[in-house]
Each structure stands twice: as structure tokens, then as C-alpha cells.
Amino acid sequence: SLDIQEKIFSEVAAGITKVLWATSEKFIENSKFQASKLVTILNRTDLKVIRITLVYKSPFVLQTQSKPSKKKDIIKIVYENLTLNSEGQAIIYSSTPNECIEIFNSFKEYIEPHQLGVYHGKMLATNAFGMGVYASHVRTIIHTTFPLSPTNFVQEVGRAGRGGQSAESLVLYACADIRELLMIVGEKVKNADESDSDTEPDSLEMLAVRRRCKHLDRSKKKIFAMAYTFEDSYQCYWKMAYEPFRWPEDPKISECGVCDNCIRCITDNIIWCDISIDLLRILDTVDKLLRFTNDPETQLVTFGRNDIVDVFMKANNKNICEKNLTSLWTNESDDMNDDTVNTLIQTKSMCLHAIDRLCLEGILAQKVIIKPM
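Remember, it's a predicted structure, so these values are computed and weren't measured experimentally.

One non-glycine residue with positive phi stands out, namely Asn269, at about 50°. For Asn269, the location among the structural elements is in the loop between helix 10 (260-268) and helix 11 (276-293). With a relative accessible area of 64%, Asn269 lands in the exposed category. Of note in this structure, Lys314 is not a glycine but carries a positive phi near 50°. Assignment of secondary structure puts Lys314 in the loop between helix 12 (305-312) and helix 13 (318-322).

This next bit is on the packing of aromatic side chains. This model, assessed by the stated rule, comprises five aromatic pairs. Ring plane angle 80° and centroid distance 5.6 Å describe the contact between Phe153 and Phe230, whose orientation is recorded as edge-to-face. Highlighted residues: Phe153 in helix 6 (residues 150-157) and Phe230 in helix 8 (residues 201-231), separated in sequence by 77 residues. Of the two residues examined, Phe153 and Phe230, each falls in the buried class. When the centroid spacing of 5.8 Å and the interplanar angle of 45° are considered together, the rings of Phe230 and Tyr237 count as tilted. Tyr237 shares its class with Phe230; the two are buried. Put simply, the rings of Phe146, Phe153, Tyr173, Phe230 and Tyr237 touch in pairs and so form one group of aromatic residues.

Basis of the calculations
- Residues numbered from 1 in each chain as written.
- Predicted model: local features only at pLDDT ≥ 70, side-chain atom pairs only at ≥ 80, totals over all residues.
- Heavy atoms only, no water.
- Helix = DSSP H or I, 4+ residues; strand = E, 2+ residues; numbered from the N terminus.
- Buried < 20%, exposed > 50% of the residue type's maximum accessible area, 1.4 Å probe, protein only.
- Phe/Tyr/Trp six-rings, centres within 6.5 Å; stacked < 30°, edge-to-face > 60°.

Below, the structure written as C-alpha cells:
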């Protein structure tokens with residue numbers, strides 16, 4: 001947090017802390033701020049940031065697949081993947097210990113017990129596992145739930161292919177997992193707050209709320225960034241995964257040429273287009289919806305991604321009729337009502353993807369509400 005950073009910088013300035021050690025995944029998130037502020041505090045022009053140029057593993061085959069809703073179907077996909085990639089060992093990452101144990105028990109029907117285990121043999125693990133693993137014989141990484149953040153993803157897939165051999169990674173992606181991951185990080189913060197006994201009760205409660213909100217906000221951004229990555233159909237997975245770790249002076253990251261998206265780019269023979277006009281029209285749609293919700297004569301209090309899509313695409317469906325959203329384009333004489341405007345975003349999935357991108361870039365802000373199931 002910023003409070004902890006200020007405390008560390010104060011100790012450095014006072015000479016209390018002689019050596020400052022920062023791990024790469026924490027330092028890189030705010031590298032410019034950290035380095036420049038330390039130079040100012042110490043009043044030293046010879047202070048340098050010591051690091052190596054970004055070096056990332058040679059890309060191996062990275063695949064994504066739609067995650068089935070039934071556990072038995074997930075087990076089947078994982079087993080078939082392990083059968084096809086039988087060389088070396090595999091690590092199967094799950095989102096929770098319970099899911100890890102459930103998959104472990106289910107695999108007993110397919111794999112000999114002496115080949116299967118938690119944290120050894122045919123490995124199953126939560127995302128807490130991986131940092132200390134340096135095994136050259138791991139050749140396959142499978143995620144039954146997509147990783148919590150780009151840092152987690154790079155660390156976890158990095159467990160495979162350390163001996164220089166070919167390796168493969170499979171991520172089972174489902175949009176529904178976003179809710180589960182948000183609840184996981186929320187529970188972690190709650191447990192951490194409850195274990196903090198060094199603060200007075202009243203201030204502890206306020207501190208816990210603030211800390212939880214900040215952490216959830218950061219975690220939400222990371223989770224949605226990963227969801228966007230695995231929903232993308234054409235941008236190189238490796239490029240998207242490693243870009244957050246690249247400093248300005250590092251060489252540009254090239255497409256890997258072997259992941260699902262790179263292969264799809266070749267087979268689909270895609271053509272890149274400028275959709276900036278469409279993005280502006282999406283922002284205009286959001287502005288109209290904001291004004292619509294603030295109008296006391298309307299009954300719409302909030303709106304979501306689907307409302308944006310329906311208005312943008314001038315859908316004639318139940319949602320539009322019930323909320324009387326047709327007035328947002330029938331009563332306007334601007335570009336939204338101009339049928340001669342060439343719209344490149346022509347499907348719901350394309351529009352949702354564009355909205356997600358605007359959110360990731362911080363152009364749009366979204367509020368996540370987790371309701372009991």
C-alpha cells in the first residue's frame with residue numbers, strides 16, 4: 001500500500017534502512033514511481049536501478065478451451081490433454097484447495113495412485129504453488145480456472161519447459177469464474193483483516209474496510225485483465241502476458257507464432273481495422289445512458305454492459321422495450337441515428353470485447369456487485 005511505501009521511503013531517508021530489496025513482480029508494477037522517488041529522497045544523482053533486461057522464456061504452445069460447467073467434463077478434458085502430452089510431468093492448477101482435492105480424487109479413476117499426488121508426482125496445486133518449483137521434467141501446465149493476474153500466469157506457466165524441452169499449457173476459461181475469483185480474493189482480505197489485532201477496534205474496522213476496498217479494486221483489475229486476455233481471439237497470448245513487465249527501454253515483445261491466437265491469425269487471414277470511431281460511439285452510448293439514468297422521469301437506476309450493447313446496436317429486444325431505451329437513438333439526430341455510418345463492430349461479442357478493453361484502459365469504470373447465488 002501507499003502507507004507502507006511511505007514508511008519504507010522515510011526509513012531510507014533517515015538512514016535506518018541501508019539496503020532496499022524489491023521483488024520483481026512488486027517493483028515492476030510501479031517502477032517509474034519507485035525509482036524516481038528514491039532518487040529524490042536520497043538526493044543522490046548516482047543512484048541507479050539495478051535490473052536485467054526483460055528476458056522471457058521461449059514461448060511454448062499455449063491453448064485455451066471453453067470450460068464446461070460439469071466437473072466430470074473438466075476431468076475428461078484434462079485427462080485427454082495429459083494423454084496427448086504424456087512426456088514429462090504435469091501441474092494442474094485449481095482455484096481452491098477443495099477443487100484441488102476433488103480433481104485429485106477424480107483422477108484416481110484414470111491414473112495410477114503412485115503417479116498422482118498433491119504437490120508431487122502428477123501435480124495438482126492452487127496458485128500458491130509454483131514459486132519454489134524448479135523441475136526440468138515438468139512439460140505440461142493446465143489451469144482449470146484462469147489465473148488471478150498476469151504475474152500469476154507468467155509464474156505458473158513458467159514451471160514448465162525449464163530443461164529447454166518443448167512444453168504446453170492449457171487454460172480452461174469460463175466467464176463465470178470471474179465471480180469465484182473475486183470472492184476468493186475478498187475472503188483473503190477479510191481473513192487478513194480479522195487477524196490484525198494491533199489496532200483499536202473502532203479504527204480497525206475502518207482500516208479493514210479501506211484495505212479491503214483497495215485490495216479488491218486492484219484484484220478486480222487484474223482478474224478482468226486476465227479474462228480479457230483469454231477472451232481475445234487474435235492478439236498473441238505471450239505478448240499480452242509479458243507486456244505488463246516490459247520497461248520502456250526493453251525490446252518489444254514479438255508474437256510467439258505458436259499460441260492459439262497466433263495460429264488463428266494465420267488461418268483466419270484477418271485484416272486489422274481502425275475502430276476508433278466505433279469506440280467513440282460506444283462512449284457516446286455510455287454518456288446517453290448516464291443521462292438517461294439521472295433523468296427523474298425514467299425508472300432506470302443503473303445500467304450494465306448488456307444495456308450498452310443493446311443501445312449501441314439498436315437492438316429490438318425485451319430489454320430495450322422494458323426499459324424504453326429506444327428513445328436514446330430515435331430522438332437523436334447525431335451519428336448514432338445515421339445509418340450511413342460504417343460500423344465495424346457488428347456483433348454482441350465484439351461490442352462486449354470493446355467495452356472490456358475500454359475498462360482495462362481506465363477509460364470506462366465499472367462497479368462489480370456480487371450477489372448471493
